Each structure stands twice: as C-alpha cells, then as structure tokens.
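Commentary on secondary and tertiary structure
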Amino acid sequence: MSNHTANTVRAKRLLALGSIAAIAALGLAGCSSTTSGGSGSSGKVGVALIVKTTTNPFFVAMEDAAKAAASKDNVQLTLAAGKKDGDAATQIQAIEDSISRGDKGILITPTDSTVNSAITKARKAGLVVIALDTPPDPANTVDVTYATDNFAAGLAIGKWTAAQLDGKKAVIGLVDLFSNQVASVDYNRDQGFLTGMGIDVKDKTKNGDEDKTGKYTGGKGGDYVIAGNQASNGDEADGRTAMETLLSKNPNINVVYAINEPAAYGAYQALKAAGKEKDTLIVAIDGGCTGVKEVTDGIIGATSQQYPSKMASLGMEAIVKLAKTGTKPTVSAGLDFFNTGSQLVTDKPVDGLTSITSADATKICWGK
C-alpha cells in the first residue's frame, strides 16, 4: 500500500470516528435537555412554585411543603420568588421561564392582577396553573385556587374584636397590604374584619370606602371612628411606619387590624414606642409560630390561623394527578376556590365564636 493510499484510509477512518463522536454528543445533549427541564425521559413532572417573597415565613413554609411533595411524587421542582411583596415583574419572568422549560404546571401566589396575562399565556401553552393563598380576580384566570377563605378569616377576628370592646367606642387603624395595587387577599381580609365588627363596607372589593364614623353592631355595639388605612406590604418595618402614620392622624386609636402578623408586630412596636400598646387591641391573620407566640404573650389579641403547607401540598398533588391521570381539581361547595380552612386563635374566647387557644395553635403552627 502506498503512503498516499494509507493516508487516505487513515483520513476516512478518522472522519468516521469523528462522525460517531458527534452523533453521541448530540444524543447526550438531548438527554440532558429533557431531564433537566419540565418532563423528560426520567418521567419527572416539571412544576414551578412562584411565591410573593421568601422574607415571610408563610411562603417559606409553602416552599418546604412543595419540596417534600416533589421528592415524594417524582417532581422536578423549580422555586422562584419576588424580591419583595408586590414584585409582579419577577413573577412574570418566572412564568415565562416555566413555559420555556416545558413544565407541566405552575403553583403561584399571584401578587396582583398584573400577572394575569402571563398566567393566561402559560395556560394557552398547555400548563396547569394553580393559585395558592391569593385567588386571582377573576377566579377563572387559573385552573383552581387553594387558599384560606380570607373574608371568613377576617370576619372571625372582627367578631372577636367587637365582643372585646364590650360597647366601648372603637377608634380603628387599618394596616393593609398595598396602597397602589389591588389584591384579593388584601380587600377580603380588611372587608371581612369590618363586616365582623358590624360596619357597612359598601363595596366588598374595595378598601377604604366605608363611612369613617358611625355605629358598629358587633358584640354590644357602639360608636366607631376609622382613623385610616395604611399600607404595610406585609412587612414588619413597613407595618411600624404605617402605624406611626396612623397615630399621627389619630392618637386615640384603640383597635388595630393588620393584614398579617409581621405587619401586626411592626404596628405593636410603634404603639409601644408611643406608650399605647396596653390600651390597644391588635388582631391579624396568619397563624405562624411567631405570631401564635405573640398571642400567648398578649401582643396580638387574636389571629386567624391559616395553613400554607396544606395549600402547597394540595396544589402539587393536583398537578401531578392531572398530568398522570387527567383528573382535574375541584373547588369547595359554594366557592370559586378550594378552601384550605382557618381557625381563630385567642386566649380570650368569646361565647358563640369557635376558637382554639395559642397552646393548641402552637402544635400546628408553621415557620418554627
């Protein structure tokens, strides 16, 4: 064999080996893209959990429950969160990322209605979208919502407050969630509380439109004054600022409603700095371990305990079941969402109002 012929044979062999290597590399690359994303050859179901923020233990508890469910149900879970409560832009980007990965479903605590169009896009792309904690407006924006009945949770703390007043005048400061965004969790809790107090709220989907003075009919009934509504972003520091602002408007506030327990504790700090904490009833909604301890310590008079872990685990279960069997999730009777329940927590029970003690709530609280 001549040198020229030998060289030609060697070149052909090298070319063949190179082609085989290239094909193998492509095959490996294909396997990698399917198993790391939504639902690949591993058989895993891709799910994204998108929460409002991880600075609140409520959403951390939700993430922990989702991780446990993912491990059990062979789910490829991706976590995302806003930089703070109200950060819709980060949530929208996380939805886009989930679509790109080819996930089967999204669990989301929607910041507000500005994420609705991204949710609609995801559903059109074939993803199941389930809301947690915050039902979107309209409710059919998502496939189903797993959440506390926030109006009922607010109603319970409102009824408790009216009973504690025993006919005294109520000067009320409302520490809400947002001032420039509309979220159902915000107005449902606020309006539920006022309704429980026996105050006409006019439009149940709008905070702050009730009469500023009048009579409350809860408990023994009496006069009321609403000092104002201030946003807290569900945050302790902002809750303190909100309370300071309310006190500057009316230093005689003796009732404080707060959207959640971090905001309630911030309000307490402002009241304590002003020397008014012992003469003011503070109520909230959450039921985390820190908040329950604040009930034990007398900082918060009553809270409505909700169950974020249950929301997340039920949501994960619904997506997996739909992906594997085609079974669609259902809502609770008479509601446009699935109610995961709430319980009034107080160490000052009221006749005719179902509640549990802070000691009992400690056994089932979250965020330990």
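Residues numbered from 1 in each chain as written. Predicted model: local features only at pLDDT ≥ 70, side-chain atom pairs only at ≥ 80, totals over all residues. Heavy atoms only, no water.

1. Description of unusual backbone geometry
The bulk of non-glycine residues show a negative phi, and the bulk of peptide bonds are trans. Going from D137 to P138, the amide bond is cis rather than trans, its omega being 0°. The topology assignment puts P138 in the loop between β4 (128-132) and β5 (144-147). Backbone geometry places D166, a non-glycine residue, at a positive phi of 55°. With respect to the helices and strands, the residue D166 is situated in the loop between α5 (150-165) and β6 (170-176). Residue class for D166 comes out partly exposed when judged on its relative accessible area of 45%. Not every positive phi belongs to a glycine, and N233 is a case in point at roughly 55°. By the element assignment, N233 lies in the loop between β8 (222-231) and α7 (236-249). (Helix = DSSP H or I, 4+ residues; strand = E, 2+ residues; numbered from the N terminus. Buried < 20%, exposed > 50% of the residue type's maximum accessible area, 1.4 Å probe, protein only.)

2. Quick notes on empty space enclosed by the protein
Empty space among the atoms can be located by rolling a probe the size of a water molecule over them. According to the stated counting rule, one finds one cavity of 30 Å³ or more in the structure shown. Taken together, 13 residues make up the lining of the largest cavity; nearest its centre are N56, F59, D133, R189 and N260. Among the secondary structure elements, those contributing two or more residues to the lining of the largest cavity are α2 (57-73) and α6 (184-197). For the lining of the largest cavity, the class distribution of residues is five nonpolar, three polar and five charged. (1 Å grid on protein atoms, 1.4 Å probe; cavity = no way out; pocket = protein on both sides within 12 Å on 5 of 7 lines; lining within 4 Å. Points joined across faces, edges and corners; volume = space filled by probe spheres on them. Nonpolar A, V, L, I, M, F, W, Y, C, P; charged D, E, K, R; others polar.)

3. Section: the confidence of the model for the chain
Segments scoring low in pLDDT should not have their predicted coordinates read at a detailed level. Averaged over every residue, the pLDDT of the chain is 89; residues scoring 70 or more account for 89%. Of the regions scoring below 50 in pLDDT, residues 1-37 engages in 12 contacts with residues more than four places distant in sequence or in other chains. (pLDDT = per-residue confidence, 0-100. Contact = heavy atoms within 4.5 Å.)

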